[in-house]
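One letter stands for each residue in the lines below.
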Amino acid sequence: MTVIDPAALSGYDVHPPRVGFFTDTTLCIGCKACEVACKEWNGVPDDGLNWLTSSYDHTGALGANTWRHVAFIEKQAPAGEGPAGEGTAGVQWLMSSDVCKHCTSAACLDVCPTGSLMRTEFGTVVVQQDICNGCGYCVPACPFGVIDRRHDDGRVWKCTLCYDRLKNDLEPACAQACPTKSIQFGPLDELRVRAHDRVAKLHDAGTVDARLYGAGDGDGVGGMGAFFLLLDDPEVYGLPPDPVVTTRDLPDMWLTAGKAAAAFAVGVVAMFVGRRR
Amino acid sequence: MPSLGTSFGRGGATTFQQDLANSDCIVIMGSNMAECHPVGFQWVMEARQRGATVIHVDPRFTRTSAVSDVHVPIRAGSDIAFLGAIVNYILENGREFREYVEHYTNASLIVREDFKDTEDLDGIFSGWDPEEAQYEVESWQYEGVETPATAHHGESDAALGERHGSHGGQTGGLPRRLDPTLQHPRCVFQLLKKHFARYTPEVVEELCGVPRDRFLQVAEALCDNSGRDRTSAFCYAVGWTQHSVGVQYIRTAAIIQLLLGNIGRPGGGILALRGHASIQGSTDIPTLYNILPGYLPMPHGMEGPDLAGYLDINASKTGFWAHMGEYFVSLLKAWWGDAATAENDFCFDYLPRITGDHSTYQTVTDMADGKVQGFFVVGENPAVGSANSKLHRLALAQLDWLVVRDFVEIETASFWYDGPEIDTGELRTQDIKTEVFLMPAATHTEKDGTFTNTQRLLQWHHKAVEPQGDCRSDLWFYFHLGRIIREKLAGSTDPKDRPILDLTWDYPTIGDIAEPDAEAVLREINGWGPDGRTLSSYTEMKADGSTAGGCWIYCGCYADETNQTARRKPGQDQNWVAPEWGWAWPSNRRTLYNRASADPEGKPWSERKRYVWWDEEQERWTGYDVPDFEATKRPDYRPAQDATGEAAIAGDAPFIMQGDGLGWLFVPNGLKDGPLPTHYEPHESPFRNPLYSQQSNPARLQKWRKDNRYNPTDGEPGADVFPYVMTTYRVTEQHTAGGMSRFINYLSELQPEMFCEVSPQLAAERGLTHGEFATIITSRTAIEARVLVTDRVAPLTVQGRTLHQVGLPYHWGQRGLSKGDSANDLFPLALDPNVHIQEVKAATCDVRPGRRPRGAALLALVEEYRARAGVL
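The structure contained in this document is the topic of the report that follows. (Residues numbered from 1 in each chain as written. Chains lettered and ligands numbered in written order. Predicted model: local features only at pLDDT ≥ 70, side-chain atom pairs only at ≥ 80, totals over all residues.)

Each helix and strand in chain A was counted, giving 8 helices and 10 strands. Based on the C-alpha atoms only, the size of chain A along its principal axes is roughly 90 × 45 × 40 Å. Scored against the burial criterion, the 277 residues of chain A give a buried share of 42%. Once local pairs closer than 6 in sequence are excluded, the contacts in chain A between residues at least 24 apart make up 62%. (Helix = DSSP H or I, 4+ residues; strand = E, 2+ residues; numbered from the N terminus. Buried ≥ 20, exposed ≤ 12 C-beta atoms within 10 Å, placed from the backbone. Contact = placed C-beta atoms within 7 Å.)

This is the structure:
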């Protein structure tokens, strides 16, 4: 399976294959080892001790201080589905570990005025903290709400896909800590093959709700470096159903604005020319 | 674990976690494995991906339920009724694995004529002595077999089960009467049928709150996935043990697994999930008062003064426990070295003698009564983690001195100035005379040593960094404490000091902090022979004093002068059993009783479940695992009637630690509360026992006192004041009583406060609001918790009434980053008679909205409840 090679597009001549995460939520047991391993390895501060009212989720969402986030969704399953079994409407408890998508078309990178956000040779997107000036343009640019400013130092922070570990042939901390292989790391093309196989197996076994999210190149961000196997609609997990790189329309917008400016200029010139007459 | 010990011969998990991947059906019950054993749970997930059916039976829908095929909500405290109905289903429908049952279990043995079942006596067995509140077990014996001497103990302290049940069952010689057709009315098989006949799907519905079709779904899945070609496994944890009849919960599962032929086979077994990194190790080399290393019973004051007398009572005549003398003398030689000689009975007299109950809860109540002066608390936080933790804190205030060794200042060390009783005024700091010594402990990364995990696997861990500051390992602490005591006693002529002065206390030390060499300790545990070289097996141990070894079941962990526990050969470089990763007791066997993976002739039951088999050409047992059998004993070997030791075990008797080599469906000897499991209501229950007029386990231990009151149970006046069932548990993000998690920000943020889980229906009934506080009340005290309203704790219909259950994680105390009230404050001391474990998985309570009162007003609230319930 071929994938878009953003590293090559960014000018890397010789580079390793594009890598990413396949997060299979059907294997997630909600242990949050990914959250802890990420913080331990990357020195991410805690996100505050707040008892939220959203099931077992007390970190809330991805942000500057939470780079892996496990969502817990309690829902009533339709009759006959879920472990509560046949004939009774029962409970379903969906768990899913969210992370930066490392988009093929990354708006955060597009809008960064300092060049702090960069594409790595692995095809991932990282913030260079020594360059970031805290302008925050990237924050509203991200269609997933991933990147965020840290309140005490003003700079933006997000998942680096453990760039330092990749450079040393180690897998990212979250994937290594995951006990059930819900988080799988590897070359993106291999992961996509594996993911499609898994969905087919689940369908054969009767789990008809299984579907992939972000596993192709045709979506609004040109494909995701971190994609998911879900059991429900993306919005149930807090994921946008149809994410679009927020800079997609910029060329058109510039063109339109340029046309308008040109027309205006023509008008102004005409006005002066006419007055001379 | 007397349940597994009496059923199979050894008090440990029969299988290993990796083998769960080979299961065709896994029943997780009394355990929230995904949350509490997330790493081991990967093999359950693997089994499921291979097509296994995963069933979770639990009062709550947990993270385990979320990834199971079937979740069955059940009333807390009713598991024996559910499991007993599976036994009945198997027997009624002829679903037992007949050949396995006939040959490998005691189904065919005939029990004495004077045995009376609960069916005959309305909920009790024959031999009940109401005055002593305990059983005389003579009538439970096989016909024609003398009653083993241990059965005559009459220990009022109830320690018998723990001492003798943890190892294999004894018989007074080989049983003489059996009926291979299983038709004799007094053969075990027929007794089993009679005993469980009333455990029907209808009773399950009425008693457990489980609809009968849901029950049948589980029973059918188990039976369909058992037999020659398929195997099923059970996983349990303290959700089964922490009941006043907890040992019998596990016994019921043992009966099911024996009937279905699932013990000793790949993908089968009973996995006892232990709650800490080395809890299995802490019973193998025990921190218990009544057993010595390797499950050797601690000598009792009534047993007479000499070793011969002790062995006469405790050693079995048949099976491997006939060698107890070899294990015991080797232990004495490891401890007292050259001072232990045949002339002085190998210093047998140096050992303390049991004269009564010295278990933890007895010690704490004695402490509260001012009878205990000093107390060591190591790796434990009883002010949060033990049942009736309030009683514990009050008791600590009665000590002269207290030593706490931990990473941080836990609640057990700080009770005297910030405990909840300071706030209520029950304790005043200036009145407390207890001198507290808080000793900083080294973490596992700061010391060498082993963990013995849930599957009897010893894994060595190497020190990564030196301990910081004054932090020291437990090994360092006890070695130097002993050294200093010995120095102070040096030159003493007082005979009572000899046991300490004669100890072999000569471990080499390493580095600036003089850390004792942990490998030298492990080597001593393994033991050595006359040539000074390490033994490779406990079969090499001698009773003549020529061998030494600190724990016979660990013998072999240092074979060939090599630390076998440090082996880390990757899985892909060896067979799937991975025998070269670490070392498992006994003799590196990963699946116990694996002789049962072959048929009576020694052939695999099926190709799919091939594991250990008899190789006729080589005339020995072989397979993927180390055979748990004498390597060259032929399948057709038959013992002479007067044979002793292992020679008395037939070639088709896989349970070699049992006196008769058989799996015990019926336990004639070794348990305090019956040879067969019986449903009893929890000590505190909102329901009557619908099966018998005997409401609760008659042999349970009760400790009624002013600081350990009991809620009225159903049928008693005031029971309706506490209408709900509460149960405790853990969450992944916190660890037990919190010492290792509540003080760490990365874990605390994930579960930042004490909370309780209730159904929307209960929330509506009591006006509780999601995210706000609730107060939970018993006749002990009241605590507060955040309210998590969830459909995952569904109300059940039991005996025609709606039952609400309240879920209470027990991690919290007043200290650390993540704080809250302690759930264990609510629970009383009501104990299982075999192992003295507390019943914290089912008790009664009331719930009301809002925070609990502060100060003395808290006491007034509890007093008001007691008055209403008539609890004096």
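Don't stop here, the text continues.
Let us look at the nonpolar core. Counting 311 residues, the largest nonpolar core has Ile26(B) and Ile776(B) as its most contacted members. Apart from the residues within four sequence positions on either side, Ile26(B) is in contact with Leu20(B), Val44(B), Ala47(B), Ala52(B), Val54(B), Ile55(B), Ala233(B) and Cys235(B). (Core = buried A, V, L, I, M, F, W, Y, C linked by C-beta atoms within 7 Å.)

Looking at helix α10 (residues 201-208) of chain B, one finds that the buried residues are Val203(B), Val204(B), Glu206(B), Leu207(B) and Cys208(B). Just downstream of α10(B), Gly209(B) is the residue with a positive phi angle, here 75°.

Strand order in the open sheet made by the 3 strands is β13-β14-β17 (chain B), with antiparallel pairing throughout. Looking at the sheet topology across the chains shown, the edges are occupied by β13 (449-452) and β17 (583-584) of chain B. (Pairing = 2+ DSSP bridges.)

This paragraph deals with the interface of chain B and chain A. Taken together, the contact between chain B and chain A spans 35 residues of the former and 29 residues of the latter. Contributing elements (two or more residues each) for the side of chain B that touches chain A: α3 (42-49), α4 (63-66), β3 (70-72) and α25 (745-748) of chain B. Per element, the largest residue contribution to the side of chain B that touches chain A is 4 residues, and it comes from α25(B). Its residues placed into classes, the side of chain B that touches chain A shows 14 nonpolar, 12 polar and 9 charged. (Nonpolar A, V, L, I, M, F, W, Y, C, P; charged D, E, K, R; others polar.)

Residues and elements named next belong to chain A. Checked against the element boundaries, Arg-194 lands in helix α7 (residues 188-204). On the basis of neighbour count, Arg-194 is assigned to the partly exposed category, with 16 C-beta atoms found within 10 Å. Counting along the chain gives 172 residues from Arg-194 to Phe-22, while the straight-line C-alpha distance between them is 8.8 Å.

Turning our eyes to something else, we now look at the sheet that holds strand β7 (residues 270-272) of chain B. Sheet strands pair via backbone hydrogen bonds, and the direction of the pair is either parallel or antiparallel. All names here are of chain B. Across the sheet, which stays open at both edges, the 5 strands sit in the order β3-β2-β1-β6-β7 with parallel pairing between neighbours. The strands lining the two open edges of the sheet, one partner per strand, are β3 and β7. Mean inter-strand twist for the sheet, computed between neighbouring axes without regard to direction, equals 15°. As defined by bridge partners, strand β1 (residues 25-29) adjoins strand β6 (residues 232-236) across 4 bridges and the pair is classed as parallel. Paired with Cys-25 across the strands is Ser-232, a residue of β6. (Axes fitted to C-alpha atoms, helices over the stretch in contact; angles between N-to-C directions.)

This paragraph deals with unusual backbone geometry. Residue Trp585(B) is joined to Pro586(B) through a cis peptide bond whose omega torsion reads -10°. As for its position among the elements, Pro586(B) is in the loop between β17 and β18 (612-615). One non-glycine residue with positive phi stands out, namely His102(A), at about 45°. Among the structural elements, His102(A) can be located in the loop between β3 (91-99) and α3 (107-111). Taking the C-beta count within 10 Å as the criterion, His102(A) has 30 such neighbours and is therefore assigned buried. Even without being a glycine, Thr736(B) presents a positive backbone phi close to 35°.

All names here are of chain B. A large share of strand β24 (residues 782-789) lies buried, amounting to 6 of its 8 residues. Sheet analysis places strand β22 (residues 755-758) next to β24, joined by 4 bridges and oriented parallel. The residue of β24 that forms the bridge with Cys-756 is Val-787. Here 5 bridges tie strand β23 (residues 773-777) to β24, and the two strands are oriented antiparallel to one another. Paired with Ala-774 across the two strands is Ala-785, which belongs to β24. Between β23 and β24, which pair antiparallel one after the other, the connecting turn spans 4 residues.

Turning to the pairing of strand β1 (residues 19-24) of chain A, a few remarks are in order. All names here are of chain A. Across the 6 residues that make up β1, a large majority, 6, are buried. Burial along β1 is two-sided: Val-19, Phe-21 and Thr-23 and Gly-20, Phe-22 and Asp-24, pointing in opposite directions, are all buried. Relative to strand β8 (residues 183-187), β1 is paired through 5 bridges, and the arrangement is antiparallel. From the neighbouring strand, Phe-22 faces β8, where its bridge partner is Gln-184.

Residue and element names in this part refer to chain B. Orientation of helix α5 (residues 79-92) relative to α10, taken along the N-to-C sense of each, is 170°, at an axis distance of 9 Å. Classified by the interaxial angle, the pair formed by α5 and α10 is roughly antiparallel. Here Ala-81, Phe-82 and Ala-85 of α5 come into contact with α10, specifically with Pro-201, Val-203, Val-204, Leu-207 and Cys-208. Broken down by class, the residue content of the contact of α5 with α10 amounts to 8 nonpolar, no polar and no charged. (Parallel < 35°, antiparallel > 145°, perpendicular 65-115°, else oblique.)

Residue and element names in this part refer to chain B. Helix length check: α5 (14 residues) gives 20 Å between terminal C-alpha atoms against 20 Å at 1.5 Å per residue, within 8%. Counting buried residues along α5, 12 of its 14 residues qualify, which places the element largely inside the surrounding structure. Among all positions of α5, only Asp-79, Ile-80, Ala-81, Phe-82, Leu-83, Gly-84, Ala-85, Ile-86, Val-87, Asn-88, Tyr-89 and Ile-90 are buried. After α5 finishes, the residue Gly-94 shows a positive phi value of roughly 60°. (Expected span 1.5 Å × (residues − 1).)

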